[in-house]
Amino acid sequence: MGVMLTIFIDADGCAVKEETYKVATRYKLKVFVVANKALTVPLDPLVEMKVVSGGFDAADDWIVETSEAGDIVVTSDILLAERCVKKQVRALGPKGAEWTEDNIGTAVATRELMQNLRYMGEMRGGPSPMQKQDRSQFLNKLDQIIQSIKKQMPAAKKT
């Protein structure tokens, strides 16, 4: 979408939508909230609800197709994060961990291992619940990522 940095929220079960809106508003950034059903989003021209219909990965596919290098995707879906990282799109988890080319391979492998363990009944339960600390870590990291992307962007022409 041109030189505008855009944030995409993989909104199904995303625990940090409010935090993302807060940071995006401060930087006046466009946010797409992507889910397969309509969710309540702030009445803000910069926040757009994108309802995708169709298959299991429809939201992921839309995010991958629409996002561009230098955008940010907020997701807890490691496979979506992997697809984004391959496109030079920054992928940030809800607890403030960023996935990069250096760590995404390990994360995907760990996910498969955990899935297998759960399948075999060795493990119960999902990720630990969000803590206040996780939220502030997320806010800090999102802020850092936006700052670093803005530094890399070509400066807008001065009129």
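The rules we used
- Residues numbered from 1 in each chain as written.
- Predicted model: local features only at pLDDT ≥ 70, side-chain atom pairs only at ≥ 80, totals over all residues.
- Heavy atoms only, no water.
- Helix = DSSP H or I, 4+ residues; strand = E, 2+ residues; numbered from the N terminus.
- Rg over C-alpha atoms; globule rule 2.2 N^0.38 Å.
- Buried < 20%, exposed > 50% of the residue type's maximum accessible area, 1.4 Å probe, protein only.
- Contact = heavy atoms within 4.5 Å.
- Salt bridge = Lys/Arg side-chain N within 4 Å of Asp/Glu carboxyl O.
- Pairing = 2+ DSSP bridges.

A. Representation of the overall build of the protein within the structure. Within the protein one finds 5 helices and 6 strands. Against the 2.2 N^0.38 benchmark of 15 Å for 159 residues, the protein shows a C-alpha radius of gyration of 16 Å, consistent with a compact globule. Structurally, the protein occupies a C-alpha span of about 65 × 35 × 30 Å along its principal axes. Looking at the 159 residues of the protein, the share that counts as buried comes to 38%. In the protein, the proportion of contacts linking residues at least 24 apart, taken out of those at least 6 apart, comes to 50%.

B. Just unusual backbone geometry, in detail. Positive phi outside glycine occurs at lysine 28, with the angle close to 55°. Here lysine 28 shows up in the loop between helix H1 (17-27) and strand E2 (30-35). When its relative accessible area of 60% is taken as the criterion, lysine 28 is described as exposed.

C. Up close: the pattern of salt bridges. If you walk through the whole model with that rule in mind, you get 7 salt bridges. One salt bridge connects arginine 90 with glutamate 98, and the closest N-O pair in it is separated by 2.6 Å. Exposure remark for arginine 90: the relative accessible area of 22% places this residue in the partly exposed category. Here the salt bridges share partners, and the residues they tie into one network are Arg90, Glu98 and Lys141.

D. Structural context of the sheet that holds strand E1 (residues 6-10). Taken in spatial order, the 6 strands line up as E3-E2-E1-E4-E5-E6 in an open sheet, and their pairing is mixed. Edge positions in the open sheet fall to strand E3 (47-51) and strand E6 (98-99), since each of these has one partner strand only. The pairing of E1 with E2 spans 5 bridges and is parallel. Opposite isoleucine 7, over in E2, you have valine 31 as the bridge partner.

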